[in-house]
Amino acid sequence: MQNWDELLYLVSAQIQFADQKQEFNKRPTKIGRRSLSRSISQSSTDSYSSAASYTDSSDDETSPRDKQQKNSKGNGDFCIKNIKQADFGRREIEIAEQEMPALMALRKRAQGEKPLAGAKVVGCTHITAQTAVLMETLSALGAQCRWAACNIYSTQNEVAAALAEGGFSVFAWKGESEDDFWWCIDRCVNLEGWQPNMILDDGGDLTHWIYKKYPNMFKKIKGIVEESVTGVHRLYQLSKAGKLCVPAMNVNDSVTKQKFDNLYCCRESILDGLKRTTDVMFGGKQVVVCGYGEVGKGCCAALKAMGSIVYVTEIDPICALQACMDGFRLVKLNEVIRQVDIVITCTGNKNVVVREYLDRMKNGCIVCNMGHSNTEIDVASLRTPELTWERVRSQVDHVIWPDGKRIVLLAEGRLLNLSCSTVPTFVLSITATTQALALIELYNAPEGRYKQDVYLLPKKMDEYVASLHLPTFDAHLTELTDEQAKYLGLNKNGPFKPNYYRYY
């Protein structure tokens, strides 16, 4: 119990502090309270904007297609936002290298052998610091690379600048139009005197463009490496129709992609993307996640841990049962669409959230997509005269109905995490290493090993990718004895699981 003297001293000190605070508020300042508030708000916006990509305040609105830029060596075979951002991008790439141990190890181990010597790789992926580490690794292994972005919002302009300064032919910038998107892909492919012999795709747009515009190129292309659900689906469609004319490697369904990129990456990046764009409080919010594949599982786990009430929609009874056993309520979307606060799609399908559902959503409902393609939310149906679009901040729009109801649409229905935030570099190291090994395998495979079909990465390679990342955790694998290996019918060095094994 404090005595009276101590209490009086504390009260006196509080009164003195209040007087000083009042006196401080009376002092003249160069900006009033409103200006100060606006200044702070602007600072927050700048901080938000720089989270995904640095933007030089000196940038103008001129389209990169209308600019003539050259790097310090006089090379101008690229089209990016601003080559002056190269130094900043180089620092981001150096940071990413620290979290991508497998790629750096692969670069060191295989650099002398140059397993990709003579390879001409044309790529269409997200252009981020992590992709830059992959591209520079492919170059160190002997490949020539030309690159475009697979998403109009995910390019980090400063990274694209660093790549262009380093001599890479990059055609991408954040905020491309649809026309820009296809123009950039065409510039990558259509160069006199240069023809690709390998494709690295994310979503299938690059493959589709070559099939549509330059089908004769496939006579010299040795293979396609595809990393997304959407792109793999398109490859299987081509194969089924007998139109796939080169071997293709399905990286998306490799264990190291499914379990790490799709699950663990989305478990962290869903919260990051939502928080940066909306500042939403997750506790107590009602959320419906459409799809309970690996991406959906990651999203649900993260939101549940933050105290959200999570519903799941699913077409597959096995995934549906998993959702129920994990403690989620399985529903049809129309059963909960009026009450939920957040709608997240991650199915890889089209028209999952159609205009009927958008009309029935509550005021302030947040709508976003975690699947690769922008087909899951019917955004086109919202571009009608009776609805008003209001840009709130970068990648955040209010869509307002005539009665005043509004929804919050993120990234215009495109991939949330790479459009609005960033993703964990370490996880991308796993995927990028898998892509690099798939390219090496297809490029060096003897004729006849792979036919004109879609293949999974050999299990041995999956295990090798995983083993390259274990030293980061100071992890020590147990080795089988000869007797144990014989008992299990395994090679001591793997593979340790049959192809039909499921890593749940």
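Residues numbered from 1 in each chain as written. Predicted model: local features only at pLDDT ≥ 70, side-chain atom pairs only at ≥ 80, totals over all residues. Heavy atoms only, no water.

Visitor: Account for the side chain of Thr131, with residues named and values stated.
Guide: Relative to the helices and strands, Thr131 resides in helix H5 (residues 129-140). Judged by relative accessible area, which is 10%, Thr131 ranks as buried. In contact with Thr131, other than residues within four places in its own chain, are Thr125, His126 and Trp147. (Helix = DSSP H or I, 4+ residues; strand = E, 2+ residues; numbered from the N terminus. Buried < 20%, exposed > 50% of the residue type's maximum accessible area, 1.4 Å probe, protein only. Contact = heavy atoms within 4.5 Å.)

Visitor: Outline the pairing of strand E2 (residues 144-149), listing residues and values.
Guide: Taken across its six residues, E2 has five buried, putting it largely inside the fold. In this structure, strand E1 (residues 120-125) lies alongside E2, joined through six bridges in parallel fashion. Its bridge partner being in E2, Val121 is matched across the sheet by Cys145. Read as a crossover between parallel neighbours, the route from E1 over H5 to E2 is right-handed. Bridge analysis of E2 against strand E3 (residues 169-171) gives three bridges, and the strand direction is parallel. When the bridges of E3 are listed, Ala148 appears paired with Phe171. As for the winding sense of the linkage, the β-α-β connection from E2 through helix H6 (residues 157-165) to E3 is right-handed. (Pairing = 2+ DSSP bridges. Right-handed = clockwise from strand over helix to strand, strands pointing away.)

Visitor: Describe in detail the nonpolar core, supporting the description with residues and values.
Guide: Judged by nonpolar contacts, the single largest core of 54 residues is most densely connected at Val121, Leu138 and Val170. Where this core is concerned, the elements lending two or more residues are helix H3 (86-98), helix H4 (101-110), H5, E2, H6, strand E4 (198-201), helix H16 (425-444) and helix H17 (459-469). Here the element with the most residues in this core is H16; it accounts for ten residues. With residues up to four places along the chain from it excluded, the contact list for Val170 reads Asp77, Phe78, Cys79, Ile80, Ile127, Met135, Trp147, Ala160 and Leu163. With 31 residues, the next largest nonpolar core counts Leu274, Phe282, Val287 and Val310 among its residues. (Core = buried A, V, L, I, M, F, W, Y, C linked by side-chain atoms within 4.5 Å.)

Visitor: Account for the pattern of salt bridges, with residues named and values stated.
Guide: One pass over the full model with this rule turns up 20 salt bridges. For Arg391, the salt bridge identified is with Glu412, shortest N-O distance 3.5 Å. Of this pair, Arg391 sits in strand E12 (residues 388-393) while Glu412 sits in the loop between strand E14 (406-410) and helix H15 (416-420), and the two are 21 residues apart along the sequence. For Arg391, a relative accessible area of 47% translates into the label partly exposed. In this structure, a network of salt bridges that share partners links the residues Arg383, Arg391, Asp397 and Glu412. (Salt bridge = Lys/Arg side-chain N within 4 Å of Asp/Glu carboxyl O.)

Visitor: Can you break down the UniProt feature "binding site: NAD(+)" (unreviewed entry) in the protein residue by residue, with the values?
Guide: Mapped onto the present numbering, the UniProt feature "binding site: NAD(+)" (unreviewed entry) falls on Gly293, Glu294, Val295, Gly296, Lys297, Gly298, Glu314 and Asn417. Within the element layout of this structure, Gly293 appears in the loop between strand E7 (286-290) and helix H11 (294-305). When its relative accessible area of 28% is taken as the criterion, Gly293 is described as partly exposed. Mapped onto the secondary structure, Asn417 falls in helix H15. If we ignore the near neighbours within four places in the chain, the residues touching Asn417 are Cys265, Cys266, Ser269, Met370, Thr422 and Val423. Only 3.0 Å separates the side chain of Asn417 from the side chain of Ser269, close enough to count as a polar contact. (UniProt positions renumbered as here; feature names shortened; annotations may be inferred. Polar contact = N/O pair within 3.5 Å; in protein donor to acceptor, adjacent residues only side chain to side chain.)

Visitor: Kindly report on the sheet that holds strand E9 (residues 329-330), identifying the contributing residues and their values.
Guide: Adjacent strands of a sheet form backbone hydrogen bonds with each other and so pair up, either parallel or antiparallel. Here eight strands make up an open sheet; going across it, the order is E9-E8-E7-E10-E11-E14-E13-E12 and the pairing mixed. In this open sheet, the two edge strands, each paired with only one partner strand, are E9 and E12.

Visitor: Help me get a handle on the UniProt feature "binding site: substrate" (unreviewed entry) in the protein, residues and values and all.
Guide: Per the UniProt record, the feature "binding site: substrate" (unreviewed entry) sits at Thr128, Asp202, Glu227, Lys257 and Asp261. Mapped onto the secondary structure, Thr128 falls in the loop between E1 and H5. Residue classification places Thr128 among the buried positions, given a relative accessible area of 4%. Contact partners of Thr128, with chain neighbours within four places excluded, come to Ser154, Gln156, Val159 and Leu418. Here Asp261 shows up in helix H10 (residues 255-278). Residues in contact with Asp261, not counting those within four places in the same chain, are Glu227, Thr256, Cys266, Val427, Leu428 and Thr431.

Visitor: Any chance you could break down the pairing of E12 for me, citing the residues and the numbers?
Guide: Two faces, one strand: in a regular strand the side chains alternate between the faces of the sheet. In this structure, E12 lies alongside strand E13 (residues 396-400), joined through five bridges in antiparallel fashion. Bridged to Arg393 within E13 is Val396. Count of turn residues in the E12/E13 antiparallel hairpin: two residues, of which Gln395 carries a positive phi of about 70 degrees.

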